[in-house]
Amino acid sequence: MDEMNKLKEIVSQFIGDDMNVEVNPLGKGHINDSYKVVSGDKEYVLQRINHNIFKNVHQLQSNIQRVTEHIRKKLEEQGVPDVDRRVLTLVPTLDGALYYQDTIGDYWRVMDFIKESKSYDEINPELAYRAGMAFGDFQKMLADLPGEPLFETIPNFHNMEARLETFREAVKANKAGRLDKVAGLVKEIEDRAEEMCKAEKLHREGKLPKRINHCDTKVNNVLFDNGDQVLCVVDLDTVMPGYVLSDFGDFIRTGANTGAEDDKNLENVSVDLDIFEAYAKGYLKNAVSFLTDVEINNLAFGAKLLTYMQMVRFFTDYIDGDTYYKIAYPEHNFMRTKAQFKLLQSLEENFEKMQQIVKEAAR
Ligand code: GN1
Ligand code: MG
């Protein structure tokens, strides 16, 4: 069976047979494969879940189901109009399951496509302000999720100590033989290691709580409508307990970068303080009521931390021989590493200003 027929056969498990169904690639994720499906006047997103990375698909899907149902209920209670565009909706298989496993063992899921929506890779301060409010609201809505804690879909996902351990093992093993030319950057990582493990330390001391976080607050995980108002946040694979500074930091890492995450021209890469400020104001508008002083005082640190963490993750994958992230060319992970390092340096240079901005925004 060719690839397209295979995709159509998978779609039919969720929506039944449709001879005229259209399936096309969608989005820029580094992990899962996404497709847009059109069947009559209905539109869906089909995704192949990367099972090497999300080892327990059942738990993953159950998290998403709980999170989306909880948010849906809140929105309905608040009388928010157009709820179907304000939260993701999982489409079960015809047998009522939240995912489908095909004959070669791949896992698939389907969601409703959110109509007339768009995402941005680059934004302006006004959009950053709205995105900040959206992520603040997201954390707030999930604060009273009933029942068991959510599963950690990827254990130790934003745990810097664990990430550094994995990094050091990769350096030791030097599997792809790439270490010689990158020794300088290994030192840059080690020089900052202690500072960057501060969150775990604060947590152990009981000073920094874990809350339900999105854990992939990339700028393009926010959907806007045609009038540039936020519809909802998407990509809920990693919603799990974590530090709020992570969610704050990952948005700044992606949304307040004047260049791209993998920019080949490092001159393009730096922090845009106007976007930083707008996001901080929007986020804190909705979140200041439930955050502690320690959380607020560490938001700007979160921007450094998540950039450093992403640098470490790309670098680890490069040293390992590119087994985790999809790459577009052989040195892609190294380019990503260098671009994240450049951003980190810019964040370090501007750290005092960022601290001041957060302080003002929290008033
Ligand atoms: C991955 O696939 P995507 O773009 O949603 C990664 C994030 C990284 C990001 C870097 C499960 O997200 O943690 O920050 O790439 N997701 C996972 O661009 O590892
Ligand atoms: Mg993601």
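The structure we're discussing is the one just above.
Note that the structure is a prediction, hence the values are computed from the model and not measured.

Side note on the overall build of the protein
In terms of regular secondary structure, the protein is built from 12 helices and 10 strands. Dimensions of the protein, computed from C-alpha atoms along their principal axes, come out at roughly 60 × 50 × 40 Å. Summarising the internal contacts of the protein: among those between residues at least 6 apart in sequence, 74% fall at separations of at least 24. For the protein, the exposed area adds up to about 16700 Å²; of that, 48% sits on carbon and sulfur atoms. Counting 46 positive and 61 negative side-chain charges, the protein places the averaged centre of each group 3 Å from the other.

Overview of the site of ligand 1
Close contacts around ligand 1 come from 16 residues, with K218, E261, Q310, R313 and Y324 the closest. Here an oxygen atom of ligand 1 and a side-chain polar atom of K218 are 2.4 Å apart. Between ligand 1 and R313, the relevant distance is 2.7 Å, taken from an oxygen atom to a side-chain nitrogen or oxygen of the residue. For ligand 1, the accessible surface in isolation is 440 Å², of which the surrounding protein chains cover 95%. Residue contributions to the shell around ligand 1 peak at 3 residues, all from helix 10 (residues 299-320). Looking at the shell around ligand 1 residue by residue, the classes come out as 7 nonpolar, 3 polar and 6 charged.

Focus: the nonpolar core
Formed by 107 residues in total, the largest nonpolar core has its most connected members in M160, F167, I252, Y279, Y283, Y308 and F315. Top element by residues in this core is helix 10. It accounts for 14 residues. Excluding anything up to four places from it in sequence, Y279 contacts A128, Y129, A131, G132, F135, D247, F248, F251 and I252. Grouped together as the second largest cluster of nonpolar side chains are 14 residues, V11, F14, Y35 and L46 included.

Considerations on the coordination of the magnesium ion (ligand 2)
Around the magnesium ion (ligand 2), the donor atoms from the protein are D216 (OD) and D235 (OD), and they sit 1.9 to 2.0 Å away. In this pair, D216 is assigned in the loop between strand 7 (211-213) and strand 8 (222-224) and D235 in the loop between strand 9 (230-233) and strand 10 (240-242), connecting sequence segments 19 residues apart. D235 gets classed as partly exposed once you look at its relative accessible area, which sits at 25%.

Things to note about the environment of L127
Tracing the chain through its elements places L127 in helix 3 (residues 125-142). Exposure remark for L127: the relative accessible area of 5% places this residue in the buried category. Once the C-alpha coordinates of L127 and T153 are considered, the two residues, 26 residues apart in sequence, prove to be 29 Å apart. The residues touching L127, leaving out its near neighbours within four places in the chain, are Y120, F224 and D228.

What to know about the side chain of H30
Position of H30 among the secondary structure elements: in the loop between strand 1 (22-25) and strand 2 (33-39). Overall, the relative accessible area of 17% leaves H30 in the buried class. A distance of 3.1 Å separates a polar atom in the side chain of H30 from a polar atom in the side chain of E261. Beyond its immediate chain neighbours, meaning those up to four positions away, H30 contacts K218, E261, Y324, Y325, K326 and R336.

Observations concerning unusual backbone geometry
With a phi close to 65°, D228 is a non-glycine residue in the positive phi region. Mapped onto the elements of the fold, D228 is located in the loop between strand 8 and strand 9.

Regarding the side chain of N159
Looking at the secondary structure, you find N159 in the loop between helix 3 and helix 4 (160-173). In this structure N159 comes out as buried when scored by relative accessible area, which is 18%. In this structure the side chain of N159 is engaged in a polar contact, spanning 2.9 Å, whose partner is the backbone nitrogen of E161.

Description of the packing of aromatic side chains
Enumeration according to the criterion identifies 12 aromatic pairs in this entry. Ring centres 5.6 Å apart and planes at 55° place the aromatic pair F248 and Y279 in the tilted group. Of this pair, F248 sits in helix 7 (residues 244-255) while Y279 sits in helix 8 (residues 273-287), and the two are 31 residues apart along the sequence. For the pair F248 and Y279, one class covers both residues: buried. Here Y279 and Y283 contribute two aromatic rings whose centre-to-centre distance is 6.4 Å and whose plane-to-plane angle is 0°, an arrangement assigned as stacked. Of this pair, Y279 and Y283 both sit in helix 8, 4 residues apart, which is roughly one turn of that helix. In this pair, the class of Y279 matches that of Y283, namely buried. Through a chain of ring-to-ring contacts, the aromatic side chains of F135, F248, F251, F276, Y279 and Y283 assemble into a single cluster. Its guanidinium or amino end placed over the ring of F301, K198 lies 4.4 Å from that ring's centre, counting from NZ or CZ.

About the thresholds
- Residues numbered from 1 in each chain as written.
- Chains lettered and ligands numbered in written order.
- Predicted model: local features only at pLDDT ≥ 70, side-chain atom pairs only at ≥ 80, totals over all residues.
- Heavy atoms only, no water.
- Helix = DSSP H or I, 4+ residues; strand = E, 2+ residues; numbered from the N terminus.
- Contact = heavy atoms within 4.5 Å.
- Areas by Shrake-Rupley, 256 points an atom, 1.4 Å probe, with all protein chains shown as cover.
- Lys, Arg positive; Asp, Glu negative; His and termini not counted.
- Charge placed at Lys NZ, Arg CZ, Asp CG, Glu CD.
- Near = heavy atom within 4 Å.
- Polar contact = N/O pair within 3.5 Å; in protein donor to acceptor, adjacent residues only side chain to side chain.
- Nonpolar A, V, L, I, M, F, W, Y, C, P; charged D, E, K, R; others polar.
- Core = buried A, V, L, I, M, F, W, Y, C linked by side-chain atoms within 4.5 Å.
- Buried < 20%, exposed > 50% of the residue type's maximum accessible area, 1.4 Å probe, protein only.
- Donors = N, O, S within 2.8 Å, 3.2 Å for Na, K, Ca; no water.
- Phe/Tyr/Trp six-rings, centres within 6.5 Å; stacked < 30°, edge-to-face > 60°.
- Lys NZ or Arg CZ within 6 Å of the ring centre and 35° of its normal.

Note that all results are geometric; they support no functional claim without further evidence.
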